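Commentary on secondary and tertiary structure
Next come the chains, spelled out residue by residue.
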Amino acid sequence: DADNSFACAQSFTGDLPASIALFEDIVKRAGALRFGSLERQALTNIATCHMRGGNARGAADASMKVVELARGAGDWFIVASAQTVCSGALLELGELERAKSAADEAIEISLSGGHDYHAALTLLRRAEIRSRQNDATAGEDAVLARQRAEHSGNTDLAFRARVWLL
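What this report covers is the structure whose coordinates are included nearby. Residue positions are counted from 1 within each chain, in the order its sequence is given. Residue-level local features of this predicted model are given only where pLDDT is at least 70; pairs of side-chain atoms are given and counted only at 80 or more, and the full residue set underlies all totals for whole chains, interfaces and linings. Computation of side-chain values covers all heavy atoms of the structure but excludes hydrogens and water.

Another aspect to go through is the overall build of the protein chain. Counting secondary structure elements, the protein chain contains nine helices and zero strands. Referenced to the eigenvectors of the C-alpha coordinate spread, the extents of the protein chain come out at roughly 50 × 30 × 30 Å. Residue exposure (1.4 Å probe, protein chains only): buried if accessible area is under 20% of the type maximum, exposed if over 50%, otherwise partly exposed. Of all 166 residues assigned to the protein chain, the portion counted as buried reaches 46%. A separation threshold of at least 6 residues defines the contact pool for the protein chain, and within that pool the share at least 24 residues apart is 52%. Just so you have it, the protein chain exposes about 8300 Å², and 53% of that area is on carbon and sulfur atoms. Under this rule, positive means Lys or Arg and negative means Asp or Glu; His and the chain ends count for nothing. For the purpose of locating charges, the reference atoms are NZ of Lys, CZ of Arg, CG of Asp and CD of Glu. In the protein chain, the 18 positive side-chain charges and the 22 negative ones have mean positions that sit 0 Å from each other. Put simply, DSSP marks the helices as runs of H or I at least four residues long and the strands as runs of E at least two long, and each gets a number from the N terminus on. Residue contacts are counted whenever heavy atoms from the two residues lie within 4.5 Å of one another. Using the Shrake-Rupley algorithm and a 1.4 Å probe, accessible areas are obtained, with residue cover drawn only from the displayed protein chains.

In structure tokens:
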């Protein structure tokens, strides 16, 4: 867990290749120890690094792999986390229907589990997807994202939702 936190901190420095290498090492060691939750968490972080680095295809592929692993383990929090990343990657790739499907699942899990951060983040993403699909309900997602972000005290996401609604 400490190594995963260190690798996350490394990713925030912007050195994504080094971060991915650290996460890959964690995945290897966690797999050998049959520490599945850490393995899935590190795999999700790899997908996130790919997304932050502009590699939407790598992020989509990595997150879809994690979704299947997490589903098999009944790890719904990681399913939601990975689907959040996947929806963003697929949005970047212009695969709007698949992006919306991933977002729908992440939102359903996040809202039912009380995970306001993931719910707000993915609701904003789905608002963007719906907007690109010319869906008039896109604003409803942004309103709910603002509410969930405010409920959890996440001022950054609440502000992003307010800006989206302008």
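By this rule, a helix spans an expected 1.5 Å times one less than how many residues it contains. With 18 residues, helix 6 (residues 96-113) ought to run about 26 Å at 1.5 Å a step, and its terminal C-alpha atoms sit 25 Å apart, in line with that. The complete set of buried residues in helix 6 reads Leu-96, Ala-99, Lys-100, Ala-102, Ala-103, Glu-105, Ala-106, Ile-107, Ile-109 and Ser-110. Where helix 6 ends, the next residue or the one after it, Gly-114, has phi of about 75°, a positive value.

What follows covers the nonpolar core. We call a set of buried Ala, Val, Leu, Ile, Met, Phe, Trp, Tyr and Cys residues a nonpolar core when their side-chain atoms join them within 4.5 Å. In this structure, Leu-124, Ile-129 and Leu-157 are the most contacted members of the largest nonpolar core, which totals 27 residues. When residues of this core are traced back to their parent elements, those giving at least two are helix 4 (56-73), helix 5 (76-92), helix 6, helix 7 (116-132), helix 8 (138-152) and helix 9 (155-165). With residues near it in sequence (within four places) discarded, Ile-129 still touches Ser-87, Leu-91, Leu-96, Ala-99, Lys-100 and Ala-103. Phe-23, Val-66, Ala-80 and Ile-109 belong to the second-largest nonpolar core, a separate cluster that totals 20 residues.

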